[in-house]
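Here is what each chain is made of, one letter per residue.
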Amino acid sequence: MLKKMPDYIQKVIKDLHSESEEIKAIKLESKEFDEKQFLSAELASIGKKEFGVEIQVFGATDKDIYDPKGKARHARPFKPAILIE
Amino acid sequence: MTINWNEIETKWQSKWNESKDFETNPNEKPKKFITVAYPYPNSPQHIGHGRTYTLADVHARFYRMQGYNVLFPMGFHYTGTPVLGMAKRIQSGEKEILYGLRNIYHVPEETIKTFVEPINIADYFHEEIKSGMIEMGYSIDWRREFTTIVPGYQKFIEWQITILKENGKIIQGSHPVGWCPKDQNPVSQHDTMGDVEPKIDDKNFLVKFKFGEFIFPVTTLRPETIFGVTNLWVNPNVTYKKVSVDNETWIISEQCAKKIEFFEKEVKIIGDMQGSEIIGKYATTHNGAEIPILPAEFVEPGMGTGLVMSVPAHAPKDYQALMDLKAKNHELASKIEPIPIIVTPGYDTYPAKQICEKLGVSNQTDEKLEEATKELYLKEFTDGKLNEKCDIFNNEKVQFGRDKVMAWLQENNHLEKFPVLENAPVKCRCGTECVVKILNNQWFLNYGDEEWKETARNCFDEMNILPSKITTEFKEVIDWLHERACARQQGLGTKLPWDKDWIVESLSDSVIYMAYYTMSRFVNDGTLKPENLTKEFFDYVLLDKGDITLAVSTSKLSKDVIGMVKKEFLYFYPVDSRHSGRDLVQNHLSFFVLNHVAIFEKKLWPKEIVVNGSVMMDGAKMSKSMGNIIPLRTAIKDYGADPIRLAIISSAELLQDADFNMESVSGIQNKLEALLEECSTLKAAQIGDLEAEDKWILSKTQGMIAQVTEAVEKMRLREGLQDILFSFESDLSWYAKRVDAKGRDNVSGILHKINSVRVAMLSPFAPHVAEEMWEKLGYTELASKSAWPEFSKEDVDVTSIQSEELLKSTIDDIANILKITKIIPQKIVIYVNSDEFKSKVYRKILGIMVGGQNNMGVVMKELIADPQTTDAKKNARLYPKSNQRLAFRI
Ligand SMILES: [Zn+2]
């Protein structure tokens, strides 16, 4: 995990660089929120509408995780990892 | 939904009229006094004229909705020569003008016949322009309307001009002015073709050399270089004139003889002298030195006197001309050596030689000489010192020495002023080319007075100027301004109280008239009669000078009436915002400030100036000759006032020239029609429990309110309008998608609330259609009377904004993967970060990067400095250097 850190930092900088100052300021100002809980509640309806399939949401360290391609470790805050089959 | 624009415009204009909302009297609310330069009714109004008024009207309507008691009045400027000039052009049957009146503006033939009388022109276009303003929906208090030739206004101008004279701002003297030789009248921007202000350079001098019984005068900007003169230049191909000037005989070019006729001199041409005859002879300098006269073809007869003095040590052109002659082994030239008289750090003994060699100047026609001259003149002026050759001026800095040398030469009759027209040629409206005339014993506003300038600079420093980058232009104008003729012998207007042969000119009788708006309604309703408006009355009301009993006894008005007028003036003054086009920066707007500071006490000085660019039509300047003029009233009839207002606003930010085109008008019409359609489907409804997307769209609405409010405050109207009409659309369509995906049907209340905000904010921009939308949304009060939406921080749910961003970007990421891989998905799985250390590092980086820090090295350094994240450090060192550098450029 730690060995991956410089790579991770570089990617986070890249993520944040592409965001507007306004959004960055809002993120800093607001409390952290539970991404898993939010996406579990909100992604299903719009995802189904947009892509026509069910979308499953896991926390990267969930015990019962379905992760055949080992994608979960690439998840970053505000940048979930995605598996499409 | 197709809108009948003119129908809804008439409908709402009559409602505003009934509700008298724009008739403003003092009350307990805070006020805003918005004014705009009043129009000249000498020609019809086209779309270009509409820009300043539209911007000012949006400003006024915005403040009104913000709860201010806003006065936005209008008058009509009849004074001066523009109306007269138009009458003359019509009388002489000028085709272009008559064509425009008949075929573009459709003025009835019977009416055109009456235009031989200037006043008929003014009256006709006054009504035309006023009707156009009403049709555009401008929120003007028409009770206060006046023209500048009504007796009440003339009383006010008489008072103004008397006060200026008492305060020493009006002087009698001899000064150069722009002049039309045909009309025998001074000219300013109002009198010239293309509205150009004649710019006079009065730092140009004429130095006299002797040539037997004749005088050889030459012009120069640098009188101090007289000490370094080595020779004169004469053009061998020019026939010079012997001219009797007062009691001397000058040798000058014919063109120069014509110019000095206007310098209050007795001028008579008495003979010829060929340039070639003079060459090789000697002239005598101010201190008796004999210098040779050499040939130079670069000497133009139209420049100055047609003779030039040569200072080869300091003037690159003179140096190069001398070198060219030496190269041809010219006998007299080969004996001449430059005489250095200025020492400048960074330059050696012969600065002109040095700079010519540095820039690689090849001969006297080389274009690089312009650059060399400019650079050296400036450097020597700012850093140079005169040397021992300059006699009693030894060791003086050039910037102070110049004036001293000039005064000394003038005392000894070796120098005179030779003012020139910097931006020649300037043509009078009558078609004659303007000249510089020295007016003797004339009335001037002493704008050259350094103390007056300084007070004006103080006012500019404290006022708000939009856009702020125009501030330096005002500073330059104040620096440059000098005495200005303030009276004319022709045209309509007010006579000088102490010299009835003269009429106050039109850029001098339009400088503090905003004060007159505060009392004009009392003049118009008969409470104040012209004969009541005595000097003592104005002194007491406007300057708080003298006492009320004096005002009562001279004006024959009651204490109550005088008190009421004074109260109204003090309520509305000072001017909170003055709007005008950029072309008035160099005169009207600067005079506006200069005259306010000369007459009123500081608390009554103007608070703000807003300057806008002009209007182009499909990329070209709108002008009659190009046939691309669109009369404002025609445009309103064809496209509707609101679409025209929005097209004007959205075509450019404040100072840019606006490029108007008809495609943008129809795009705007469609947009407004769609919004009206939407408003008619929405009903106010109870808003229940908020879902995630509701919290988000309501927060975004607050963001829009904050942005639009700030943009309008700064008069960035294009940006504000863009935010209301277009930028917010993408948020709304995302919201619609979310609501639709959930199959919700309980969002009408939310959409009603959001569109109420948009329509209210649209109201200052497109006031008629906004009222229509407002009515459809179910409101019974007028939109123009509703409150401007106020940003409320409590209504911003910041978490909802970041969570919705996460959702949107996740959907985008999935869509992108599908697009690239072309997979038909069976199943989509999302893995959300749950590593707390990663989150901690993320927030730390976020904290560093807010404010624009994108440098990976800096981010790293700060991460290391924080004990919570130091673990990242060891690993960073392992990272190859080249890759790190790559990362810096992200
Ligand atoms: Zn003229």
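The structure this text deals with has already been given above.
All values reported here derive from a predicted model rather than from experimental measurement. (Residues numbered from 1 in each chain as written. Chains lettered and ligands numbered in written order. Predicted model: local features only at pLDDT ≥ 70, side-chain atom pairs only at ≥ 80, totals over all residues. Heavy atoms only, no water.)

Enquirer: In this structure, what is going on with the packing of helix α7 (residues 151-166) of chain B against helix α18 (residues 535-543) of chain B? I would like to understand it.
Expert: Each pair of packed helices can be summarised by the angle the axes make with each other and by the distance between the axes. Residues and elements named next belong to chain B. Following both chains from N to C, one finds α7 and α18 inclined at 75 degrees, their axes separated by 10 Å at the closest point. When the axis of α7 is compared with that of α18, the two are roughly perpendicular. Contact residues: α7 offers K155, F156, W159, T162, I163 and E166, while α18 offers K535, F538, D539, L542 and L543. Looking at side-chain class alone, the contact of α7 with α18 contains six nonpolar, one polar and four charged residues. (Axes fitted to C-alpha atoms, helices over the stretch in contact; angles between N-to-C directions. Helix = DSSP H or I, 4+ residues; strand = E, 2+ residues; numbered from the N terminus. Parallel < 35°, antiparallel > 145°, perpendicular 65-115°, else oblique. Contact = heavy atoms within 4.5 Å. Nonpolar A, V, L, I, M, F, W, Y, C, P; charged D, E, K, R; others polar.)

Enquirer: Can you help me understand the nonpolar core in this one?
Expert: Most often, soluble globular proteins have nonpolar side chains that are buried together. All names here are of chain B. Membership of the largest hydrophobic core comes to 145 residues, with the highest contact counts inside it found for L762, F765, I830 and I845. Looking at this core, the element that brings in the most residues is helix α26 (residues 717-741), giving ten residues. Sequence-distant contacts of F765, that is, excluding residues within four places in its chain, are made with V58, R645, L646, I649, V712, L717, G720, L721 and I724. Counting residues in each nonpolar core, the second largest holds 78 residues, with I163, A456, L533 and L542 among its members. (Core = buried A, V, L, I, M, F, W, Y, C linked by side-chain atoms within 4.5 Å. Buried < 20%, exposed > 50% of the residue type's maximum accessible area, 1.4 Å probe, protein only.)

Enquirer: Looking at this structure, how should I read the pairing of strand β2 (residues 81-84) of chain A?
Expert: Regular strands place their side chains on alternate faces of the sheet. Going residue by residue along β2(A), you find A81(A) and L83(A) tucked away on one face and I82(A) and I84(A) tucked away on the opposite face as well. Pairing between β2(A) and strand β30 (residues 828-832) of chain B: four bridges, direction antiparallel. Residue A81(A) lies in a different strand from β30(B), and its bridge partner there is Y831(B). (Pairing = 2+ DSSP bridges.)

Enquirer: Help me out: how do you make sense of the coordination of the zinc ion in this one?
Expert: Around a metal, the ideal angle is 109.5 degrees if four donors adopt a tetrahedral arrangement and 90 or 180 degrees if six donors adopt an octahedral arrangement. Residue and element names in this part refer to chain B. Taken together, C180 (SG), D183 (OD), C428 (SG) and C430 (SG) make up the protein donors of the zinc ion, found 2.2 Å from the metal. In this structure, the zinc ion is surrounded by four donor atoms whose angles at the metal cover 97 to 119 degrees, and the resulting shape is tetrahedral. Between consecutive donor residues of the zinc ion, the sequence gaps follow C-x2-D-x244-C-x1-C. When sorted by exposure, C180 lands in the same class as D183, which is buried. (Donors = N, O, S within 2.8 Å, 3.2 Å for Na, K, Ca; no water. Tetrahedral: all angles 85-135°; square planar, octahedral: opposite > 155°, others 65-115°.)

Enquirer: Hey, could you run me through the sheet that holds strand β24 (residues 499-504) of chain B in this one?
Expert: Across a sheet, strands are paired by hydrogen bonds formed along the backbone, either parallel or antiparallel in direction. Residues and elements named next belong to chain B. Spatially, three strands are ordered β22-β24-β23 in an open sheet, and the strand pairing comes out antiparallel. Single-partner strands in this sheet number two, and they are β22 (487-488) and β23 (495-496). Relative to β24, β23 runs antiparallel, the two being bridged by two bridges. Within β24, the residue paired with L496 across the bridge is D499.

Enquirer: Explanation requested: the pattern of salt bridges in the structure shown.
Expert: Side-chain pairs of opposite charge can arise whenever the charged atoms involved come near each other. Scanning the model with the defined rule gives 71 salt bridges over all chains in all. Note that K353(B) is salt-bridged to E357(B), the shortest N-O span being 3.9 Å. Within this pair, K353(B) and its partner E357(B) are both found in helix α12 (residues 351-359), separated by four residues, close to a single helical turn. Given a relative accessible area of 52%, E357(B) falls into the exposed group. Across the pair K602(B) and E462(B) runs a salt bridge whose closest N-O atoms are separated by 3.1 Å. With K602(B) in the loop between α21 (585-599) and β26 (608-612) and E462(B) in helix α15 (residues 450-462), this pair connects stretches of sequence that are 140 residues apart. Since its relative accessible area comes to 46%, K602(B) is described here as partly exposed. Taken together, the shared-partner salt bridges connect E42(A), E691(B), E693(B), D694(B), R738(B), K742(B), R744(B) and E804(B) into one network. (Salt bridge = Lys/Arg side-chain N within 4 Å of Asp/Glu carboxyl O.)

Enquirer: For this particular structure, what's the right way to read the interface of chain A and chain B?
Expert: How large an interface is tends to be reported as the accessible area lost when its parts come together. Between chain A and chain B, the contact holds 66 residues from the first and 65 residues from the second. Across the chain A/chain B interface, buried area totals approximately 6,600 Å², and carbon plus sulfur atoms make up 69% of it. There are six salt bridges connecting chain A and chain B. Note that D740(B) and K49(A) form a salt bridge whose closest N and O atoms lie 3.1 Å from each other. At the junction of chain A and chain B, the tally comes to 23 residue pairs in polar contact (both at pLDDT 80 or more). (Buried area = accessible area lost by both parts, 1.4 Å probe. Polar contact = N/O pair within 3.5 Å; in protein donor to acceptor, adjacent residues only side chain to side chain.)

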